[in-house]
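In case you want the letters, here they are:
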Amino acid sequence: MMYKNSNTSDRSMPKPNINAQKTQIVEVLKQDYFPMIPQLQQKWTVDQHEKNRLSRSLAAFAIANLADVTPAQAANSIINGKNDDGIDAVYFDRIKNLLWLVQAKGGKAPDMGDNKKFCDGIRDLVHKRFQKFNEGFFRLQQDVEDALDTNTLKIVGCNVYLDGSLGSHVVNDLNQLKEELNQFDHRFEWRDLNISQTYAWLTAKQAMPTAGYAYAPVDVSLTLENWHCLDQPRKAFYGLVKASELASLYQQHDKLLFEKNIRYYLGTEDVNSAIANTVVNQPAKLFYLNNGLTITCSNISLPPGHNQQSTRFDLQGFSIVNGAQTVGAIASVFNTNGSISPDAKLLVTIIEVGTAADSIGVEITKARNTQNTVRDVYFAALDPNQERLRQELMISKTVYQYRPSADIQDAITIEQAAIALACFSSNTEIVVAAKKEISQLYKREYHYSTLFSEQLSGVTLCRYVRIFQYLDQIFAASEKAETENRRKMFYKHGRFFILDILSRRYKPLLDKPEVAISQDDQTELSRITLELAELIYTIAESLFGNNQKGYLAIFKSLTDVVPLTSAVMQELARRDTQERLRKECMELNINYYYSSPKSFVKILYLFLLSSLCVLGVLGGSFPYLYFSRLI
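Cut-offs applied
- Residues numbered from 1 in each chain as written.
- Predicted model: local features only at pLDDT ≥ 70, side-chain atom pairs only at ≥ 80, totals over all residues.
- Heavy atoms only, no water.
- Core = buried A, V, L, I, M, F, W, Y, C linked by side-chain atoms within 4.5 Å.
- Buried < 20%, exposed > 50% of the residue type's maximum accessible area, 1.4 Å probe, protein only.
- Contact = heavy atoms within 4.5 Å.
- Patch = residues over 30% accessible without salt bridge, like charges linked within 9 Å, V, L, I, M, F, W, Y side chains within 5 Å.
- Areas by Shrake-Rupley, 256 points an atom, 1.4 Å probe, with all protein chains shown as cover.
- Salt bridge = Lys/Arg side-chain N within 4 Å of Asp/Glu carboxyl O.
- Helix = DSSP H or I, 4+ residues; strand = E, 2+ residues; numbered from the N terminus.
- Pairing = 2+ DSSP bridges.
- pLDDT = per-residue confidence, 0-100.
- Expected span 1.5 Å × (residues − 1).

(A) A look at the nonpolar core. Y400, F452, L461, F490 and L502 are the most contacted members of the largest nonpolar core, which totals 65 residues. Among residues more than four places away in sequence, those in contact with L461 are L389, L393, Y400, I412, A417, F452 and L456. Formed by 38 residues, the second largest nonpolar core is a distinct cluster that contains L256, I320, V327 and V333.

(B) Geometry of a nonpolar patch on the surface. Together, L230, Y238, F287, Y288, L289 and L347 give the surface a local cluster of nonpolar side chains, amounting to about 630 Å² of exposed area. Among the structural elements, L347 can be located in strand β10 (residues 345–352). Take L347: its relative accessible area is 32%, and that puts it in the partly exposed class.

(C) Representation of the pairing of strand β9 (residues 310–322) in the model. With seven bridges joining them, strand β5 (residues 218–230) and β9 adopt antiparallel strand pairing. Among the inter-strand pairings, L224 is bridged to a residue of β9, identified as T311. Pairing geometry for strand β7 (residues 293–297) and β9, over three bridges, is antiparallel. Across the sheet, residue T296 finds its bridge partner in β9, namely S319.

(D) Expanded view of the pairing of β10. Most of β10 is tucked away: six of the eight residues are buried. Alignment of strand β6 (residues 236–242) against β10, held across seven bridges, turns out to be antiparallel. Bridging from a neighbouring strand, V241 pairs with L346 of β10. Across five bridges, the pairing between β7 and β10 is parallel. Looking at β10, one finds that L293 is bridged to V348.

(E) Fine view of the pattern of salt bridges. This structure, assessed with the given rule, holds 32 salt bridges. Between D124 and K132 there is a salt bridge, with the nearest N and O atoms lying 3.7 Å from each other. The class of K132 is partly exposed, set by a relative accessible area of 43%. As a salt-bridge pair, D576 and R505 come within 2.8 Å of each other at their nearest N and O atoms. With a gap of 71 residues between them, D576 in helix α24 (residues 558–587) and R505 in helix α20 (residues 495–505) connect regions that are remote in the sequence. Classification of R505 as buried rests on a relative accessible area of 4%. Look at the salt bridges and you will find they share partners, linking K116, D120, R123 and E180 into a network.

(F) Representation of the confidence of the model for the protein chain. Averaged over every residue, the pLDDT of the protein chain is 83; the share at 70 or more is 81%. Predicted confidence for residues 208–214 stays below pLDDT 50, and this span has 22 contacts to residues more than four positions away or in other chains. Contacts for the low-pLDDT stretch residues 617–631, under 50 throughout, to residues beyond four places or in other chains number 18 contacts.

(G) Focus on helix α1 (residues 18–32). The terminal C-alpha atoms of α1 lie 21 Å apart, and with 15 residues this matches the ideal 21 Å at 1.5 Å per residue to within 8%. Every buried residue of α1 is accounted for by A20, Q21, Q24, I25, V26, V28 and L29.

Put into structure tokens, the structure is as follows:
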């Protein structure tokens, strides 16, 4: 498929993409529900069958989440088919006395006609006119009868669909039904379950413990020696803890200990190796050579009759917010040697932050980690937006690591994401920053909030990274194949700039709501990118070739990149005009070769002749106006 370029001055990051969300929802429904939702015995086309299975699967997915049942149980609730009386799924929750009635659309919201069938079907069901339903309903009729005979029953009618919102007329009809059925007793309500709610169900599932992310903080017990306490402005304790006890906690809980930290244990880096060496060879000096740990807890409790020499503290909502590298290094010693000297102790500060949703926990984490040399990228772990993106990517079985860790996974990292988002931001300043001072991509006072905005979707992030990785391989191959050093340096240092021009010209191709990069996309991307690279190199040489300025210096300089961007975009606009001329000339059966000035003069001559011929019929200034528009 050929993609037209899109000349746009919009430099904002992508807005919420409902198509991307729909793509992921459909992907999950096909994987998890299609195997349990068989094709109906209807003489339909393949597309009609798929659309029907998608709607039925969506109905089952809604029941599974509303009633908290398994996909198999939810699939059993489907009655969609011929003579379903407008209701696609029925499920009676006997524990909560809820009768769920669902109408599902695997696309746009139900219109007035669809909704009228649904409302009429609910009326028939409530008044036990079961003869109006199909055989699929008869399978569940006993459940429905039991439900209707329950005094405390609540009936919930749900419209679930993959679109933005219900129309006002549909809402009015549902409210009228509600008033009608609740005339004597409040037993009916309706719910509007649009794509936002459906997508929220998917992301909520990804928030469960998986791959070392998004765990709830743990509850632990920890012994403090020679401790002291502060009561105001909030409760805090500080004292000594044995390294061996920390190693034991790490053995039990691993990454859970650092859930609110900005990073996990990073492995055998130089600093961590030095800590391990101290624990092994100079355990008594650990207290003096180490900054200690900072721990936050939702609640701290002490046993009756405690004393300050040694007390076992019970700590709820435990998280080490500063000191993950120390604990990891200590644990590595224990794993290697099997024991740790009791002389190895270090200072611990434990702060009670409560369970309220205030910012004190984040403030403590940030403050305690800025006192040491910590990379800016690590603080992104404190942004809830990063966890949202991780959850969205997990829907498509893609791991996103926004918190540094020693674990090596087949994952997209935040560093990869930042570079790709910068290159496709259509923002010259950000592209130069990615080349010159990459740390600016992670600082809120610079570009972080633009790149990782609340509008950025997981699908867009993943697609940008995959495209970047694919094209970066092409650039690397081009660099290796070049024999002339200046061209080599262009392909080495000009990659971000080339991708910036690509993003300005081919947004539809970049922003397709698909995680995977199809073979057709790869072919188109490689062709377009190499063509752009040649054009950019030619223009760059015309601007900077005489002074032999190196390409590393050029692409790190905003002063150089701004005029180069302008020159490239102007040339591309000129070529667009020529291409438009060629097509319009073809409509007039005129051969147009815009590489030849003589050919262009010939075109003008032939065009004027043809216009004069038409003039006698149309009159007026038609030839002049049309010619002006053409050129």
